[in-house]
Amino acid sequence: MAVPVVFFAVFFAYPVTAIVGRGLKAGGDWQFGRIGDVLSRPDILDVLWFTTWQALASTALTLLIALPGAYVFARFDFPGKQVLRAVVTVPFVLPTVVVGTAFLALLGRGGLLDELWGVRLDTTVWAILLAHVFFNYAVVVRTVGGLWSQLDPRQEEAARVLGAGRFAAFRRVTLPALAPAVAAAALMVFLFTFTSFGVVQILGGPAYSTLEVEIYRQTAQLLDLPTAAVLTLVQFAAVGGILAVHAATVRRRERALKLVDPAQTSRRPRGAGQWALLGGVLLTALLLILLPLGVLVERSFDGPGGYGFGYYEALQSVGAGGSSTFLVPPLEAVGNSLRYALVATLVALVVGGLAAAALTRRAGRLVRGFDALLMLPLGVSAVTVGFGFLITLDEPPLDLRTSWILVPLAQALVGVPFVVRTMLPVLRAVDERLREAAGVLGASPLRAWREVDLPLVRRAVLVAAGFAFAVSLGEFGATVFIARPDNPTLPVAVARLLGRSGELNYGQAMALSTILMLVCAVSLLLLERIRTDRSGEF
């Protein structure tokens, strides 16, 4: 636990504590009375209520739509499966400002629904909920589907032979085994929607505001740091409580599972019902995932003089069209993002892998509490983390404000929870007797982990690496404050272009977003090929 504890203490707890302390101190004294004053305001109570119920609604809707997809990817084998798995993960890494703009083009004035049926959903909560499902569909499919594909289907078949119906066998055999993965996926979806920022700001308009939006407004627009600090504490406490309840619930339901090679559980659909289910999942992916992404691609080619590569060509020069948005050609952001994401993925795998291995041992309350703390970066305002980096990591021996490593460290903070939550259910499902047998035969704890655990969790490690890489590519909230002007990342570059008026800037933003989408899709497709390599069978 030493490495994860030190990492989170230095790069998360210290910056967040420092920025909150500045907001709650006046003249060197703590002003805790400000907490009650802020929380008694009607406008703040409205923000808290909307933040909570829209997150619950988004989580429920995402599970309802994505669980059939998790089953299809886990149990069915069909042409284009690897490509489709990579495609459904792409939305998760796109900057929220880009996705919000794409959904605005679909649901707003002059959008697809408006042109076809005269229906507008912008400035309504339905636009927010649909965009949240778009973002988090892959979380459920990959987290739940990854474990589902390794469950031995013969256990459910045995229950049916003994007289249980299809639903009863699923409810009594498969669902209890999937419960930890479903709970982990629901937790991640809830945290992301609870702290939603770009989607709510663009699609909700002034009528809707989450905690994250309000923290940004109080910090950047109203310069009211005390109110922002109180809201950060509220968000921190709410997320901590949710994680504690989740950890206790999942721990009571976890048990050793019989895991098999996913190749043994995947087969062609049989019967009209299974083909209908596959068709429904494909139609959902088409309407929910591919249609918004298609809007991005179409707009990246739709220039003033017609369709062409004008916006892409403009990315190769500084100040195209009279713009001074960048010190370097915007296209350099592609290489910057790839380098940063690779380093962040390595850091996240080391820190998250060690944390997951420690949590598997169930070594007392301290470890169980650390399980919940690992998820806190997903629930704390990225605005707070970004500002905290700037005001704390500016003195020796941690004067990192001018160092390139600061960006991967910020990205790794949100990658580590994904690594832990992806690896932990599979690690805990490994039968402890296998480790004990290795120890009896003379294997050291390290060798037992390498020879017993690692082959069984290799698939989970690759899934975790894919998630960490994808999250790092699309991280925006904290990176926007610390990325250097001469080394922007793709999300930061897109946000800067969208923040400037002019058709050229907007077109370049769409072109960069399309490049980000393609880079992610290719990376995830390569990961899928590695995961399904025959050398990875256990």
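Residues numbered from 1 in each chain as written. Predicted model: local features only at pLDDT ≥ 70, side-chain atom pairs only at ≥ 80, totals over all residues. Heavy atoms only, no water.

Thoughts on the overall build of the chain
At step 1: A tally of helices and strands in the chain yields 23 helices and six strands.
At step 2: Expressed as a percentage of its 538 residues, the buried residues of the chain come to 53%.
At step 3: Contacts in the chain between residues far apart in sequence, at least 24 positions, make up 80% of those at least 6 positions apart.
At step 4: Total accessible area on the chain stands at roughly 22700 Å², and carbon and sulfur atoms take up 64% of it. (Helix = DSSP H or I, 4+ residues; strand = E, 2+ residues; numbered from the N terminus. Buried < 20%, exposed > 50% of the residue type's maximum accessible area, 1.4 Å probe, protein only. Contact = heavy atoms within 4.5 Å. Areas by Shrake-Rupley, 256 points an atom, 1.4 Å probe, with all protein chains shown as cover.)

Notes on helix α22 (residues 490–498)
At step 1: Counting buried residues along α22, seven of its nine residues qualify, which places the element largely inside the surrounding structure.
At step 2: Inspection of α22 places L490, P491, V492, A493, V494, A495 and L497 among the buried residues, and these make up the whole buried set.

Comments concerning the confidence of the model for the chain
At step 1: On average, the chain scores 79 in pLDDT, and the residues at 70 or more come to 87%.
At step 2: Between residues 534–538, whose pLDDT stays under 50, and residues either more than four places distant or in other chains, the model counts ten contacts. (pLDDT = per-residue confidence, 0-100.)

Quick look at the pattern of salt bridges
At step 1: Enumeration according to the criterion identifies two salt bridges in this entry.
At step 2: Among the ionic pairs, R41 bridges to D43, the shortest N-O distance being 3.1 Å.
At step 3: Looking at R41, the relative accessible area reads 27%, which means it is partly exposed.
At step 4: Where R217 meets E214, a salt bridge forms, and the shortest distance between an N and an O atom there is 2.7 Å. One end of the pair is R217 and the other is E214, both in helix α11 (residues 211–221) and three residues apart, which spans about a single turn.
At step 5: The buried category is assigned to E214, whose relative accessible area is 4%. (Salt bridge = Lys/Arg side-chain N within 4 Å of Asp/Glu carboxyl O.)

Topic: the side chain of R75
At step 1: The residue R75 is located in helix α3 (residues 42–75) in this model.
At step 2: A distance of 3.3 Å separates a polar side-chain atom of R75 from the backbone oxygen of W148. (Polar contact = N/O pair within 3.5 Å; in protein donor to acceptor, adjacent residues only side chain to side chain.)

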